[in-house]
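Here is how the chains run, residue by residue.
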Amino acid sequence: MNLVLSRKEFCSLLEVLEIADWVLHAYKAEAPAETRPFRELEQKVLAMAESFGCEDLVEYDGVAKRFVSARDFAESSPTQDFIMEFENDAFWDQLAERLVERDLIRQIGETALQKLEFDERERREDPYRRLYGEEFLSHGVDRLEILQLRSRQGTESGKLLS
């Protein structure tokens, strides 16, 4: 089976690979062994850039001995916008979900929470979700504080003192 791509489709594939690489490796000091098949596939695709007339979008890093996206491509591509939008959405979602779970555990206990059926858990979490959703939409993180830290170090108008 052969995959036939236009230059435009190949550029889109490069962008998708850029996004996937970010998801897999952005917060890792070293690439995990389990992502090796993905890295190898990425290298195979990047090596084909010249045959698609996309040699300006990919560079070979002689030190790392691998192909990488050219700086101009990375800066002009919409991938960073997609990634930042995803990370922003994921941040708010994860923050709310973790606070919802924390608050429900405080209310009924961890053991009771684990025993809840899915529908019952959703019903109990919903008021917390709405509360945090409204709070974050209206105020972002402006009203989130670590009270223990505040009281331990002393504050003035919510700002930590040196």
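Just so we're clear, the structure is a prediction, and the values are computed from it rather than from any experiment.

## Some remarks on the packing of aromatic side chains
Right, so step 1: Applying the stated rule across the entire model yields six aromatic pairs.
Right, so step 2: Ring geometry for Phe10 and Phe52: centres 4.2 Å apart, planes at 5 degrees, overall stacked. Here Phe52 lies in the loop between α2 (36–46) and β1 (58–61) and Phe10 lies in helix α1 (residues 7–25), a separation of 42 residues in the sequence. Neither residue differs from the other here; Phe10 and Phe52 are each classed as buried.

## Concerning helix α4 (residues 79–108)
Right, so step 1: Spanning 30 residues, α4 covers 43 Å between terminal C-alpha atoms, matching the ideal 44 Å at 1.5 Å per step.
Right, so step 2: Residues of α4 that are buried include every one of Thr79, Ile83, Glu87, Ala96, Leu99, Val100, Asp103 and Leu104, and no others.
Right, so step 3: Buried-residue contacts for α4 involve α1, α5 (110–115) and α6 (118–139).

## Description of the pattern of salt bridges
Right, so step 1: Counting across every chain of the model gives 13 salt bridges.
Right, so step 2: Salt-bridge contacts for Arg36 lead to Glu40; the nearest nitrogen and oxygen are separated by 2.7 Å. In this pair, Arg36 and Glu40 both sit in helix α2, four residues apart, roughly one turn of the helix.
Right, so step 3: For the salt bridge of Glu120 with Arg124, the shortest nitrogen-to-oxygen distance reads 2.8 Å. Of this pair, Glu120 and Arg124 both sit in helix α6, four residues apart, which is roughly one turn of that helix.
Right, so step 4: Since its relative accessible area comes to 28%, Arg124 is described here as partly exposed.

## Examining the packing of α1 against α4
Right, so step 1: Contact geometry of α1 with α4 gives a least axis separation of 9 Å together with a crossing angle of 35 degrees. Both α1 and α4 take part in a crossing whose hand is right-handed. Of the residues in α4, those in contact with Glu15, Glu18, Ile19 and Trp22 of α1 are Thr79, Gln80, Phe82, Ile83, Met84 and Glu87.
Right, so step 2: The residue inventory of the contact of α1 with α4, partitioned by class, reads five nonpolar, two polar and three charged.

## Regarding the side chain of Ser77
Right, so step 1: Summarising the element assignment, Ser77 is placed in the loop between α3 (71–76) and α4.
Right, so step 2: At 3.3 Å, the side chain of Ser77 forms a polar contact with the side chain of Glu15.
Right, so step 3: Side-chain polar atoms of Ser77 contact the backbone nitrogen of Thr79, separated by 3.2 Å.

## Things to note about the state of the cysteines
Right, so step 1: One pass over the structure, following the stated rule, counts zero disulfides.
Right, so step 2: Just so you know, Cys54 is unpaired, no disulfide at all, and the nearest cysteine sulfur is the one on Cys11, 3.7 Å from it.

## Focus: a negative patch on the surface
Right, so step 1: On the surface, a cluster of negative charge is made up of Asp81, Glu85, Asp89 and Asp93.
Right, so step 2: Here Asp81 lies in helix α4.
Right, so step 3: Classification of Asp81 as exposed rests on a relative accessible area of 56%.

## Examining the environment of Ser6
Right, so step 1: Tracing the sequence through the fold places Ser6 in the segment before α1.
Right, so step 2: In this structure Ser6 comes out as partly exposed when scored by relative accessible area, which is 35%.
Right, so step 3: Sequence separation between Ser6 and His25 is 19 residues; the distance between their C-alpha atoms is 28 Å.

## A word on the nonpolar core
Right, so step 1: Phe10, Leu14, Cys54, Leu57 and Val58 are the most contacted members of the largest nonpolar core, which totals 13 residues.
Right, so step 2: Elements represented by at least two residues in this core include exactly α1 and α2.
Right, so step 3: Top element by residues in this core is α1. It accounts for four residues.
Right, so step 4: Non-local contacts of Cys54, meaning those with residues more than four positions away in its chain, are made with Arg7, Phe10, Cys11 and Ala49.
Right, so step 5: Among the nonpolar cores identified, the runner-up in size contains eight residues, and Ala96, Val100, Leu104 and Leu113 belong to it.

Thresholds, definitions, all that
- Residues numbered from 1 in each chain as written.
- Predicted model: local features only at pLDDT ≥ 70, side-chain atom pairs only at ≥ 80, totals over all residues.
- Heavy atoms only, no water.
- Phe/Tyr/Trp six-rings, centres within 6.5 Å; stacked < 30°, edge-to-face > 60°.
- Helix = DSSP H or I, 4+ residues; strand = E, 2+ residues; numbered from the N terminus.
- Buried < 20%, exposed > 50% of the residue type's maximum accessible area, 1.4 Å probe, protein only.
- Expected span 1.5 Å × (residues − 1).
- Contact = heavy atoms within 4.5 Å.
- Salt bridge = Lys/Arg side-chain N within 4 Å of Asp/Glu carboxyl O.
- Axes fitted to C-alpha atoms, helices over the stretch in contact; angles between N-to-C directions.
- Left-handed = near helix turned anticlockwise from the far one by under 90°.
- Nonpolar A, V, L, I, M, F, W, Y, C, P; charged D, E, K, R; others polar.
- Polar contact = N/O pair within 3.5 Å; in protein donor to acceptor, adjacent residues only side chain to side chain.
- Disulfide = S-S within 2.5 Å.
- Patch = residues over 30% accessible without salt bridge, like charges linked within 9 Å, V, L, I, M, F, W, Y side chains within 5 Å.
- Areas by Shrake-Rupley, 256 points an atom, 1.4 Å probe, with all protein chains shown as cover.
- Lys, Arg positive; Asp, Glu negative; His and termini not counted.
- Charge placed at Lys NZ, Arg CZ, Asp CG, Glu CD.
- Core = buried A, V, L, I, M, F, W, Y, C linked by side-chain atoms within 4.5 Å.

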